[in-house]
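Structure assessment
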Amino acid sequence: MRDAVIVEAVRTPVGKRNGGLSTIASADMSALVLNAVVERAGVDPVIVDDVVWGCVSQIGEQAFDIARNAVLSAGWPESVPGTTVDRQCGSSQQAVHFAAAGLISGQYDVVVAGGVESMSRIPMGASAGDSWPYGEGFRKRYGDTAPHQGLGAEMIADRWKLSRTQLDEFSLESHEKAAAAQDEGRFDRQIVPVRADESTWVSADEGVRRGGTIEAMAKLRPAFKEDGRVTAGNSSQISDGSAALLMMTSEKASEFGLTPIARVHTAVLAGDDPVIMLTAPIAATARALKRSGLSIDEIGAFEVNEAFASVPLAWIAETGADTKAVNPNGGAVALGHPLGGSGARIMTTLVHHMRDNDIRFGLQTMCEGGGQANATIIELI
């Protein structure tokens, strides 16, 4: 029976807005991780059947199928194609799902999945501009106000009765966990250092803040509602970054003498209310567990994207997952959230964490625009 295994996974550091990675075009940033993932595996890119690449704002430098442009920028053979995926924040997690489906169905033998976003160079929402992209049927169904993620995060805080202090404490802990991961070198093997200019290299995630306090967090103003609880401090950061995973069947891995890290065990999707927008990871997780036959207690590590602190806190409340196993190396509040690159960044971090700690099963899920979510269960090999 055909399967889908991950044999290597790499990422750039996550750069702050207008930070160290802002000098690099998205195709070139993607090319860095494409070359790194095949070099570390020791394979020739000519064997790659396709590159499936997530990117949200497909405009300007990120237009015209950035997957293919990244392949060519990397100097790979012209025979290697590429396709670009948009499932909003989950775009590169969806790229992994598509890659796995292609491998299991026999359409691919070897594929690279990943994604990129330079939010410094292509601002969030730039592809829509001032247009109404939802259609008149959507307007009649949901009203004239466009869905807004920040207000959705506030709705979650209301529905699950999450206090401002709870959001701030979760966010402070995200920074503390990420700082500890940096200090202990847990990210070193997965990160590809990036040369920002002739004299500057970026080799660590730039968004991690040290020495924060609840008192300092409490002074931040609400970002989306005058009397709200969601602030810049308990929300994900606007970021730049890219990540890539080399995937193939177990048979191909054996043929090339490669030892897989993990297998894609279960991959599902879910949809929910597009106005609150951010709750679908709860349904996606339930679906993944049901389809896999696993219980929540059998999962040893969880990655729940920290688009806003309220999202994983509501998810924890509904799933009953062990909080110590959720985002053990920090999440997007501390590390940043480069939209189309985030799913692959998170999965890269997850599979390395599983290998380093001998964790058999890991689960990743992300909220996405339109009220959607991907959920993926990975099994260590």
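Here is what the cut-offs are and how they apply
Residues numbered from 1 in each chain as written. Predicted model: local features only at pLDDT ≥ 70, side-chain atom pairs only at ≥ 80, totals over all residues. Heavy atoms only, no water. Patch = residues over 30% accessible without salt bridge, like charges linked within 9 Å, V, L, I, M, F, W, Y side chains within 5 Å. Areas by Shrake-Rupley, 256 points an atom, 1.4 Å probe, with all protein chains shown as cover. Salt bridge = Lys/Arg side-chain N within 4 Å of Asp/Glu carboxyl O. Helix = DSSP H or I, 4+ residues; strand = E, 2+ residues; numbered from the N terminus. Phe/Tyr/Trp six-rings, centres within 6.5 Å; stacked < 30°, edge-to-face > 60°. Buried < 20%, exposed > 50% of the residue type's maximum accessible area, 1.4 Å probe, protein only. Lys NZ or Arg CZ within 6 Å of the ring centre and 35° of its normal. Core = buried A, V, L, I, M, F, W, Y, C linked by side-chain atoms within 4.5 Å.

**A closer look at a nonpolar patch on the surface**
A cluster of nonpolar residues, L151, M155 and F224, forms a patch on the protein surface that exposes about 220 Å² of accessible area. Of note, M155 is situated in helix α5 (residues 149-159).

**Re the packing of aromatic side chains**
Scanning all chains against the criterion turns up 6 aromatic pairs. Ring geometry for Y134 versus F138: centroids 4.8 Å apart, planes at 25 degrees, classification stacked. Classification of Y134 as partly exposed rests on a relative accessible area of 35%. Ring plane angle 80 degrees and centroid distance 6.1 Å describe the contact between F224 and F308, whose orientation is recorded as edge-to-face. Of this pair, F224 sits in the loop between α7 (214-218) and β8 (239-248) while F308 sits in the loop between β10 (301-304) and α10 (310-319), placing them 84 residues apart in sequence. Its relative accessible area of 7% is what places F308 among the buried residues. Through a chain of ring-to-ring contacts, the aromatic side chains of W132, Y134, F138 and Y142 assemble into a single cluster. Sitting over the face of the ring of W132, R139 holds its NZ or CZ atom 4.2 Å from the ring centroid.

**Brief notes about the nonpolar core**
As a rule of thumb, nonpolar side chains are buried together in soluble globular proteins. In this structure, L34, V51, W53, W76, V112, L246 and M248 are the most contacted members of the largest nonpolar core, which totals 38 residues. Of all elements in the fold, only β1 (5-11), α1 (26-41), β3 (50-54), α2 (66-73), β5 (110-118) and β8 reach the threshold of two or more residues within this core. Counting residues per element, this core draws most heavily on α1, which supplies 9 residues. Residues V85, A100, Y108 and A262 belong to the second largest nonpolar core, which totals 28 residues.

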